[in-house]
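# Report on the structure
The chain contents come next:
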Amino acid sequence: MNDESKKEIKNKMDQLVKQLKQYEYEYYALEEPTVSDYEYDQLLNQLKKYENNFPEFIRFDSPTKRVGGFISEKFNKVKHKIPMLSLSNAFDENDLIKFDTDIKKELGISDIEYVVEPKIDGLSISLIYKNKFFYKAITRGDGLTGEDVTENVKTIRTIPLTIDYDGELEIRGEIFLDKESFQKINNDPNTVKKFANARNAASGSLRNLDTTVTANRNLKGFFYYVPENEKINLSKQFDILKWLDSQRILRSKDIVKCKDIFEVLDRVKYLTENRNNFDYDIDGIVIKVNNVSFYEELGYTSKFPKWAIAYKFPANVKESILKSIDVTVGRTGRINFIANIDPIELDGSVISKATLHNAEYIYEKDIRINDVVQIYKAGDIIPKILGSKLENRDENSIKWIKPTHCPSCNSLLKQFENEVDQYCINKNCHEKIIQQITHFCSRDAMNIDGVSESIIRKLYENNLIKDISDIYLLKDKKEEILSKDLLIKDKSFNNIIKAIEKSKQNSLEKLIFGLGIKHVGYTAARLLCRRFKTLQNIAQLTKDEIQEVAEIGDKMAESIIEWFSNSNNIELVAKLLSYSINMTYIDEYANVNVKDENLIFMNKSFVITGSFNDNRNTIKNILESVYHAKVSGTITKNTDYLITGKNATQSKVDKANTLKIKIVSEEFWK
Ligand code: IVH
């Protein structure tokens with residue numbers, strides 16, 4: 001075949017791809033097909049024939065690539081270039097008004113436009129396009145690292161495989177199943193295990209190792225965020241959404257722009273009233289500042305951006321029958337109460353258990369077995385019991401009596417003065433120990449991958465571990481573990497040991513958090529470590545010394561002292577030390593030296609305004625770690641310096657001048 005006719009064939013194939021893509025867009029995205037399925041299939045078959053004969057001309061964005069057929073062993077982990085944050089919540093109008101007031105105060109301006117979007121109840125996804133082509137799709141994961149689901153996302157026909165952008169561009173949104181597609185999956189006789197709600201079904205469909213399954217589930221993607229918006233030269237969220245339209249990247253059509261917070265409130269009211277009338281599940285409303293160039297200035301906490309907020313719908317309350325109350329013990333010894341109820345459907349999932357805070361709560365509300373109880377989801381996740389419907393009570397109701405002994409070890413429970421909770425104070429309580437070891441291995445603590453609560457339980461029940469430190473002796477017990485019927489195989493054993501060994505190098509704050517000292521959370525552990533560096537140092541501190549860390553109060557300081565004066569704990573630390581567990585704080589900024597001329601900034605208190613070459617969190621971390629500085633959001637008479645970058649907030653500069661606070665504009669911390 002001569003070059004001329006080959007060129008013709010390639011042209012023909014390109015033409016077919018273009019035509020089919022247009023039909024797919026009309027069918028899947030616009031849901032307004034202009035041709036019959038028959039016509040579409042004819043064209044697709046033509047293309048398939050050409051592709052068989054001329055594989056060298058198969059295009060990356062050919063519709064034939066959307067059918068799946070890719071099977072992977074596992075999803076690879078990928079680090080996000082920019083962390084995928086979550087949103088802080090608003091529960092009523094006041095929270096929204098406060099959100100608006102805080103923003104105006106921070107920016108020092110009085111007119112703020114917002115964009116109001118439905119909060120889609122799906123799975124966050126990050127798409128990366130490179131030189132016009134779809135390149136990668138990564139799930140949210142823990143926000144820092146996600147899973148590579150590129151092959152799966154490629155089968156979602158509403159997501160274009162090409163866009164008009166040269167270079168690399170990240171686009172974030174949500175993958176979900178509309179209500180109709182969800183019902184179809186659950187009603188399909190081939191679906192062996194029914195999904196509790198559309199979100200779970202979407203998750204199971206997207207994160208499937210066989211992409212043919214993903215391809216057949218009719219997943220959709222709505223997109224709402226371009227983190228590096230400057231790349232497309234747009235500075236308003238509403239314009240970015242329109243740009244997405246121009247790229248045929250789908251987004252919710254129920255998004256509006258509001259000129260002020262009052263318009264936002266009207267829209268929130270409307271969406272709340274109509275929350276069940278969407279084709280897809282929504283679990284709230286997202287309110288965002290429209291002007292994206294304010295985002296850096298408004299900044300971020302470690303978890304949330306301050307330029308957006310998620311309004312949560314008031315909880316739905318449903319009724320069921322309380323069948324029984326389970327009593328369990330947690331790692332601190334605290335006793336938990338869990339209600340078993342007749343299963344009901346609530347906010348899209350079937351629930352059969354709910355939390356009852358403590359025994360006092362049950363008594364106070366006079367909740368009895370066989371009562372009709374009211375249930376709601378707190379923060380949309382954990383179901384809670386609101387109370388009993390007394391008017392429905394009959395002779396079947398049985399008064400519940402609070403436990404006096406631990407459900408695991410049967411020792412007498414203790415209730416401390418001024419506390420409503422009951423505690424098991426037996427240090428040898430098996431369940432407590434299992435929970436303590438589980439906490440030690442958890443992600444924010446020693447992050448030992450693969451060591452789940454169920455594995456720990458099996459190891460403990462088989463006498464293979466007795467306390468936290470025994471985790472580090474497991475490597476010598478391979479034969480014994482594999483010989484017992486613990487469902488731990490050779491390969492997973494090796495992975496577990498690898499993870500255990502790796503944890504020995506963790507920075508100290510992870511260990512301290514993992515030890516489970518009462519009241520000491522991860523942040524407090526990090527602050528302690530930053531200041532006092534080693535476990536040996538921390539163990540010897542007096543209460544006053546501990547409280548030199550501004551954020552640490554009386555109760556926590558006392559608890560730390562108490563923990564280190566207990567001989568069992570000292571023994572535990574000694575054992576961990578002998579297994580070479582790192583007990584020093586590993587400071588990522590250790591190699592950054594403070595120049596002589598910058599020594600004046602040591603131990604000072606800073607407020608930052610404007611944008612810089614580094615992001616705010618990096619600057620804050622360097623100031624705190626290297627300069628032992630305090631960084632806060634508002635200027636007070638105790639502020640030493642105001643650091644100003646590009647577009648600094650005028651009201652902050654004015655306040656600094658009034659209070660005679662020094663203003664620095666150079667990026668001295670580098
Ligand atoms: S904006 C920096 N907009 O809700 C955070 N999120 O609870 C940018 N979500 O992780 C997120 N609909 O997965 C945004 N219209 C919407 C959303 C939305 C759903 C999800 C998203 C996010 C979570 C936060």
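Since the structure is predicted, the reported quantities are computational estimates derived from the model, not experimental observations. (Residues numbered from 1 in each chain as written. Predicted model: local features only at pLDDT ≥ 70, side-chain atom pairs only at ≥ 80, totals over all residues. Heavy atoms only, no water.)

## Comments concerning the pairing of strand β19 (residues 605-609)
Counting buried positions over the five residues of β19 gives five, a clear majority of the element. Relative to strand β20 (residues 630-632), β19 runs parallel, the two sharing three bridges. Bridge assignment links serine 605 to a residue of β20, and that residue is lysine 630. At this point the chain moves from β19, through helix α22 (residues 616-626), to the parallel β20, and the crossover so formed is right-handed. When β19 meets strand β21 (residues 641-644), the two strands line up parallel, connected through four bridges. Counted as the bridge partner of phenylalanine 606 is tyrosine 641 from β21. (Buried < 20%, exposed > 50% of the residue type's maximum accessible area, 1.4 Å probe, protein only. Helix = DSSP H or I, 4+ residues; strand = E, 2+ residues; numbered from the N terminus. Pairing = 2+ DSSP bridges. Right-handed = clockwise from strand over helix to strand, strands pointing away.)

## A few points about the site of the ligand
In the vicinity of the ligand lie 14 residues, with Glu117, Ile120, Ser124, Glu174 and Lys288 positioned nearest. The contact in question runs from an oxygen atom of the ligand to an N or O atom on the side chain of tyrosine 224, over 3.3 Å. Protein contact buries 91% of the 520 Å² of open area that the ligand shows by itself. Taken together, the residues that form the shell around the ligand break down as eight nonpolar, two polar and four charged. (Near = heavy atom within 4 Å. Polar contact = N/O pair within 3.5 Å; in protein donor to acceptor, adjacent residues only side chain to side chain. Areas by Shrake-Rupley, 256 points an atom, 1.4 Å probe, with all protein chains shown as cover. Nonpolar A, V, L, I, M, F, W, Y, C, P; charged D, E, K, R; others polar.)

## With respect to the environment of valine 573
Residue placement: valine 573 occurs in helix α21 (residues 567-578). Measuring from C-alpha to C-alpha, the distance between valine 573 and lysine 7 comes to 74 Å, with 566 residues separating the pair along the chain. Discounting residues that sit within four places of it in the chain, valine 573 has contacts with Leu535, Trp563 and Met583. (Contact = heavy atoms within 4.5 Å.)

## A few points about the pairing of strand β12 (residues 318-329)
The pairing of β12 with strand β15 (residues 372-378) spans four bridges and is antiparallel. Bridged to isoleucine 321 within β15 is valine 372. Bridge count for β12 against strand β13 (residues 335-346) is seven bridges, and the pairing is antiparallel. From the neighbouring strand, serine 324 faces β13, where its bridge partner is asparagine 340. Here β12 folds back onto β13 in antiparallel fashion, the turn holding five residues, of which glycine 333 has a positive phi close to 95 degrees.

## Digging into the pattern of salt bridges
Across all of its chains, the model carries 45 salt bridges by this definition. A salt bridge links lysine 231 to glutamate 228; the nearest nitrogen and oxygen atoms lie 3.2 Å apart. By relative accessible area, glutamate 228 is classed as buried at 15%. Close ionic contact of aspartate 490 with lysine 478 constitutes a salt bridge, the shortest N to O distance being 3.0 Å. In this pair, aspartate 490 sits in helix α15 (residues 490-503) while lysine 478 sits in helix α14 (residues 478-483), placing the two residues 12 residues apart along the sequence. Given a relative accessible area of 41%, aspartate 490 falls into the partly exposed group. (Salt bridge = Lys/Arg side-chain N within 4 Å of Asp/Glu carboxyl O.)

## Digging into the packing of aromatic side chains
For the structure on display, the rule yields 27 aromatic pairs. With a centroid separation of 5.6 Å and 90 degrees between ring planes, the pair formed by phenylalanine 337 and tryptophan 400 is classed as edge-to-face. Of this pair, phenylalanine 337 sits in strand β13 while tryptophan 400 sits in the loop between β16 (382-388) and β17 (413-414); the two residues are 63 residues apart in sequence, bridging distant segments of the chain. A single burial state applies to phenylalanine 337 and to tryptophan 400, both of which are buried. Taking 5.0 Å as the distance between ring centres and 75 degrees as the angle between the ring planes, the aromatic pair formed by tryptophan 563 and phenylalanine 564 counts as edge-to-face. Grouping aromatic residues by their ring pairs yields a cluster made of Phe601, Phe606, Phe612, Tyr627, Tyr641, Phe668 and Trp669. Above the plane of the ring of tyrosine 135 lies lysine 130, whose end atom (NZ or CZ) is 4.2 Å from the centre. (Phe/Tyr/Trp six-rings, centres within 6.5 Å; stacked < 30°, edge-to-face > 60°. Lys NZ or Arg CZ within 6 Å of the ring centre and 35° of its normal.)

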